[in-house]
Amino acid sequence: MQKTGQIERTVDREFAEEEGRYRTMERETTELQKEAKAYLDAMRSMSASQSRIAETLEMFYTADRTSDGAMAGHAYKSAVDELDNSVGRDLDAPFRATVLEPVGKLCSYYPAINDAIAKRNKKMLDYDASRSKVRKLVDKPAEDTAKLPRAQQEHDEAKEIFEVLNGQLIEELPQLVELRIPYLDPSFEAMVRCQLKFAEEGYSKLAGVQRYFAENIRDEYANGQLDAQVESTLGEMKQLAIYGI
Amino acid sequence: MKGFMKAVNRTPHQLTSRIGMTKKSSDPEFDDFNRKFTAIEAGTEKILKDSGTFRDAVQTLLYSGSSFSNSFNTLFAPLGAEYNLGAKFPNSEVTIQNIGSYQALMEELRETLNPELELIDSRVIVPCKELQDICKRIRKTIVKRDHKLVDFDRHNNSLNKLREKKEKSLSDEKNLFKVEQDFEIASNEYEHWNTLVKQELPHFFQLSTSFIEPIFHSFYYMQLNCFYLMQEKLQSFADGKYDLSRTDVENVYFEQRGDAAEHLEELTITKRMVSTAKLMADRRVASGSSYGGKPGIGRTSSISSSIKSPSLARQPSTSKYGLPPPVPAPMVAAPPPYTTGEKSGAGLTSAGSIKKAPPPPPPMKRAASNVPPAEYCVALFDFAAQAEGDLSFSVGDRIQIIERSESQDDWWTGKVHGQTGSFPGSYTQLE
């Protein structure tokens, strides 16, 4: 009925504005929660896959466990294992405690708030409807004189309920929206710290492995010689009689 | 078709050898090589899978990093008509001012690392895939060698059987020649393949080691680079903003955490709403005045004080007993009936009737709500007040209902033993 313009609608720009802000916050924090979780999972997956790769590499070196290659492979294995352990031990729990849990807690409030907004909207419909009813009865009094007072009373009740719910939201939504800043700020710093820690650990643990490489390896990597070696080895394999029949 | 016939011819022999009826040759040297080869096959597959996992993980890391930095950026920027957030939250000023550069940094990191990911793809994953294909073809050769072995055993068996036969018939003699010939061929073929495989597998093993070494080195530098770039970017952001001598992330967090969480907890809207009826009842009982005040809902909300507004909750501090009875509006200020305190219920009884006072009260309404046929309910259980304003009673008490909703699950207001207060409807039964 409201859509057809038959019932006048309570216009509440103030509420609309507060709700808009709240919606932005709801959307962004929910996204934040999701992506932060994905970030943690990615860190764990990175270190775990490195550790598995190292394990497989060792297998390739089984022929000669004392070769330089095997030594380097072994050093790599212990470095990534250490990294993987440290991610599991020193990063996972703090990340959860300082980022995932606080953000999750914030997100857990949204269903209740959304319910309150939905309820407020429903009560607004009731209020609008009852007001229009009263107006009609005033414009065109009914034969039954009891109708108007009854409608009036319904209107008053609807109005009171609406105003209570509306008032509560208008008062508290801005508080909630503002609280996001002091609430999320420590989590933000913690997030940056966790990211940095992961990168630092990864770098420092891995960097030590280079010692076991031949001196020229770094340059060979940089100038593409390693790739050429891979290519030529693959080519040699294809020359084998057992490869091509 | 040829292959199919071969398979059919081999089947009976394979069956009999499995159950131990016929002899099966074995070559320990080959078996050893085969074991090694199987390990390389499996290892190639694992490396392929895990390097893919690693690449995907870095990709996710970069993607979600840039995506949550975006969210942070929006959240720390003014929403709608907000302004000057930095001044309002001095503790968060650094973040508010720098969040934009953080986001740019994460975006930059994603762009810088993307080529690195392509390297993993083209220089680790693609060659490993190629190795896998090579393994597949070698495996085929090994299977062929195995088949030739089956043929060898098969013909060997028939030949032996025929030779051992004491009384050979004419056709057996004829056959013997053919069988000998077959055996000769099978033996040569098997010999050929077996030797080939045994000769070349060790070479292949060597090659696979010289294959894996440059792959390992390349992959290592790619990983190192990923971590290095991440560290560099993040360090450049954190430097000067955070005390980097501290690495105990959790403690730093808990030290910085203010009372924002408590404030959130105190808001009414963050709690599940009970019901409108209960909410309105509480309000009337609690404040007695008209709306505009702080309504309270859930029972848990009895903590007072929010950021700037006072109690939004049930306002236990201003006990309803202490308030002037919100009876007839005109005589609001009169405290007299309060000498006994407890007796205030009488006033509250009619609180419901004046709730609609503010707008011009049509006489009828007053009449209507003023003549409620006194309703009673009987307590089914003991109930002890849990908060101020609750009505305690014991089983069997007859409670006069002052206000109630349709649902028994709501909190009602009633009076018993001269006390008035709210209580859970579900503890009672309507008369």
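Residues numbered from 1 in each chain as written. Chains lettered and ligands numbered in written order. Predicted model: local features only at pLDDT ≥ 70, side-chain atom pairs only at ≥ 80, totals over all residues. Heavy atoms only, no water.

A separate point is the interface of chain B and chain A. Between chain B and chain A, the contact holds 127 residues from the first and 111 residues from the second. Interface area, chain B with chain A, both sides summed: about 11500 Å², of which 70% is carbon and sulfur. Joining chain B to chain A, the criterion identifies seven salt bridges. When the shortest N-O distance is used, the salt bridge between Lys88(B) and Glu178(A) registers 2.6 Å. Inspection of the chain B/chain A interface yields 28 residue pairs in polar contact (both at pLDDT 80 or more). Sorting the residues of the side of chain B that touches chain A by element identifies α2 (28–75), α3 (85–88), α4 (93–164), α5 (170–238), α6 (249–256), α7 (260–266), α8 (276–287) and α11 (363–370) of chain B as the ones contributing at least two each. A per-element tally of the side of chain B that touches chain A places α5(B) first, with 33 residues. For the side of chain B that touches chain A, the class distribution of residues is 70 nonpolar, 33 polar and 24 charged. (Contact = heavy atoms within 4.5 Å. Buried area = accessible area lost by both parts, 1.4 Å probe. Salt bridge = Lys/Arg side-chain N within 4 Å of Asp/Glu carboxyl O. Polar contact = N/O pair within 3.5 Å; in protein donor to acceptor, adjacent residues only side chain to side chain. Helix = DSSP H or I, 4+ residues; strand = E, 2+ residues; numbered from the N terminus. Nonpolar A, V, L, I, M, F, W, Y, C, P; charged D, E, K, R; others polar.)

Next up on the list: the sheet that holds strand β2 (residues 398–403) of chain B. All names here are of chain B. Taken together, five strands build an open sheet; the order of strands is β4-β3-β2-β1-β5 and the sheet is antiparallel. Two strands bound the open sheet, and with one partner strand each, they are β4 (419–424) and β5 (428–430). In this sheet, neighbouring strand axes are inclined to one another by 40° on average, regardless of whether the strands run parallel or antiparallel. Across three bridges, strand β1 (residues 375–379) lies against β5 in antiparallel orientation. Considered in β5, the bridge of valine 378 is made with glutamine 429. (Pairing = 2+ DSSP bridges. Axes fitted to C-alpha atoms, helices over the stretch in contact; angles between N-to-C directions.)

Core analysis: the largest hydrophobic core is formed by 136 residues, its most contacted members being Tyr102(B), Leu201(B) and Phe204(B). Tallying contributions element by element places α5(B) first for this core, with 23 residues. Excluding its chain neighbours within four sequence positions, the residues that come into contact with Leu201(B) are Ile242(A), Phe33(B), Phe37(B), Ile138(B) and Ile142(B). Cys377(B), Ala379(B), Ile401(B) and Phe423(B) belong to the second largest nonpolar core, which has eleven residues in total. (Core = buried A, V, L, I, M, F, W, Y, C linked by side-chain atoms within 4.5 Å. Buried < 20%, exposed > 50% of the residue type's maximum accessible area, 1.4 Å probe, protein only.)

In this section: a nonpolar patch on the surface. Together, Phe4(B), Met5(B) and Val8(B) give the surface a local cluster of nonpolar side chains, amounting to about 280 Å² of exposed area. For Met5(B), the location among the structural elements is in helix α1 (residues 2–18). (Patch = residues over 30% accessible without salt bridge, like charges linked within 9 Å, V, L, I, M, F, W, Y side chains within 5 Å. Areas by Shrake-Rupley, 256 points an atom, 1.4 Å probe, with all protein chains shown as cover.)

Moving on to the domain arrangement of chain B. Along its sequence, chain B is carved into domain 1 (16–254) and domain 2 (274–296 + 372–431). Once you take the C-alpha centre of each, domain 1 of chain B and domain 2 of chain B turn out to be 69 Å apart. (Domains from an automatic or database assignment.)

Turning our eyes to something else, we now look at the pairing of β2(B). Relative to β2(B), β1(B) runs antiparallel, the two being bridged by four bridges. Looking at the pairing, Glu375(B) lines up with Ile401(B) of β2(B).

Turning our eyes to something else, we now look at the packing of α2(B) against α5(B). Residues and elements named next belong to chain B. Where α2 meets α5, the axes come as close as 10 Å, and the angle between the chain directions of the two elements is 20°. In terms of their interaxial angle, α2 and α5 are classed as roughly parallel. α5 is crossed by α2, and the crossing has left-handed handedness. Of the residues in the contact of α2 with α5, the class split is 17 nonpolar, four polar and three charged. (Parallel < 35°, antiparallel > 145°, perpendicular 65-115°, else oblique. Left-handed = near helix turned anticlockwise from the far one by under 90°.)

Moving on, we get to the side chain of Gln195(A). Examined against the element boundaries, Gln195(A) turns out to sit in helix α4 (residues 147–207). Other than its neighbours up to four places away in sequence, Gln195(A) contacts Tyr39(A), Phe68(B), Tyr102(B), Met106(B) and Leu234(B).

The next point concerns the packing of helix α1 (residues 13–60) of chain A against helix α3 (residues 110–139) of chain A. Residue and element names in this part refer to chain A. Remark: α1 packs on α3, axes separated minimally by 12 Å, with the N-to-C direction vectors making an angle of 155°. Overall, the two elements α1 and α3 adopt an arrangement that is roughly antiparallel. Of the two elements, α1 crosses α3, and the hand of that crossing is left-handed. Note on element contacts: α3 touches α1 through Tyr110, Ile113, Asn114, Ile117, Arg120 and Asn121, opposite Phe15, Glu19, Tyr22, Arg23, Met25, Glu26, Thr29 and Thr30.

So, on to the pattern of salt bridges. All names here are of chain A. Applying the stated criterion to the full structure yields 42 salt bridges over all chains. Residue glutamate 163 is joined to lysine 159 by a salt bridge in which the shortest nitrogen-to-oxygen separation is 4.0 Å. Taken as a pair, glutamate 163 and lysine 159 lie in helix α4 at a separation of four residues, close to a single helical turn. What makes glutamate 163 partly exposed here is its relative accessible area of 28%. In this structure, a network of salt bridges that share partners links the residues Glu17, Glu18 and Arg21.

The next point concerns the confidence of the model for chain B. Residues and elements named next belong to chain B. Mean pLDDT over chain B: 77, with 76% of residues reaching 70 or higher. Per-element averaging of pLDDT across chain B places α11 at the bottom with 39 and α2 at the top with 94. Between residues 289–370, whose pLDDT stays under 50, and residues either more than four places distant or in other chains, the model counts 136 contacts. (pLDDT = per-residue confidence, 0-100.)

We now examine α4(A). Three or four residues apart is the spacing at which side chains of an α-helix point the same way, because the helix has 3.6 residues per turn. Residue and element names in this part refer to chain A. Across its 61 residues, α4 extends 86 Å between first and last C-alpha, which sits within 8% of the 90 Å expected from 1.5 Å per residue. The sharpest bend along α4 measures roughly 35° and falls at leucine 184, with the proline proline 186 sitting one to four residues further on. In terms of residue burial, α4 counts as a mostly covered element, since 43 of its 61 residues are buried. (Expected span 1.5 Å × (residues − 1). Bend = angle between axes of the 7 residues up to and from the residue.)

Bringing the packing of aromatic side chains into the picture now. Taken as a whole, this structure holds 33 aromatic pairs over all chains when the rule is applied. Ring geometry for Phe188(A) versus Phe237(B): centroids 6.1 Å apart, planes at 85°, classification edge-to-face. Taken as a pair, Phe188(A) in helix α4 and Phe237(B) in helix α5 lie in two separate chains rather than in one. The pair formed by Phe188(A) and Phe237(B) is uniform in burial state, with each residue classed as buried. Considering the side-chain rings of Phe213(A) and Tyr221(B), the 6.0 Å spacing of their centres and the 75° angle between planes classify their relative orientation as edge-to-face. One end of the pair, Phe213(A), is in the loop between α4 and α5 (217–222); the other, Tyr221(B), is in helix α5, on a second chain. Of the two residues, Phe213(A) and Tyr221(B), neither departs from the other in class, the shared state being buried. In this structure, Arg145(B) is placed above the aromatic ring of Phe30(B), and the distance from its NZ or CZ to the ring centre is 3.5 Å. Note that Lys241(B) overlies the ring of Phe237(B), its terminal NZ or CZ placed 4.3 Å from the centroid. (Phe/Tyr/Trp six-rings, centres within 6.5 Å; stacked < 30°, edge-to-face > 60°. Lys NZ or Arg CZ within 6 Å of the ring centre and 35° of its normal.)

Glancing now at the side chain of Glu18(A). Residues and elements named next belong to chain A. Within the secondary structure, glutamate 18 sits in helix α1. Look at glutamate 18 and you get buried, because its relative accessible area is 10%. In contact with glutamate 18, other than residues within four places in its own chain, are Leu173 and Pro174.

Here the focus is the UniProt feature "coiled-coil region" (unreviewed entry) in chain A. Mapped onto the present numbering, the UniProt feature "coiled-coil region" (unreviewed entry) falls at residues 15–42 of chain A. Regarding residues 15–42 of chain A, the helix share stands at 100% and the strand share at 0%, and the terminal C-alpha atoms are separated by 40 Å. (UniProt positions renumbered as here; feature names shortened; annotations may be inferred.)

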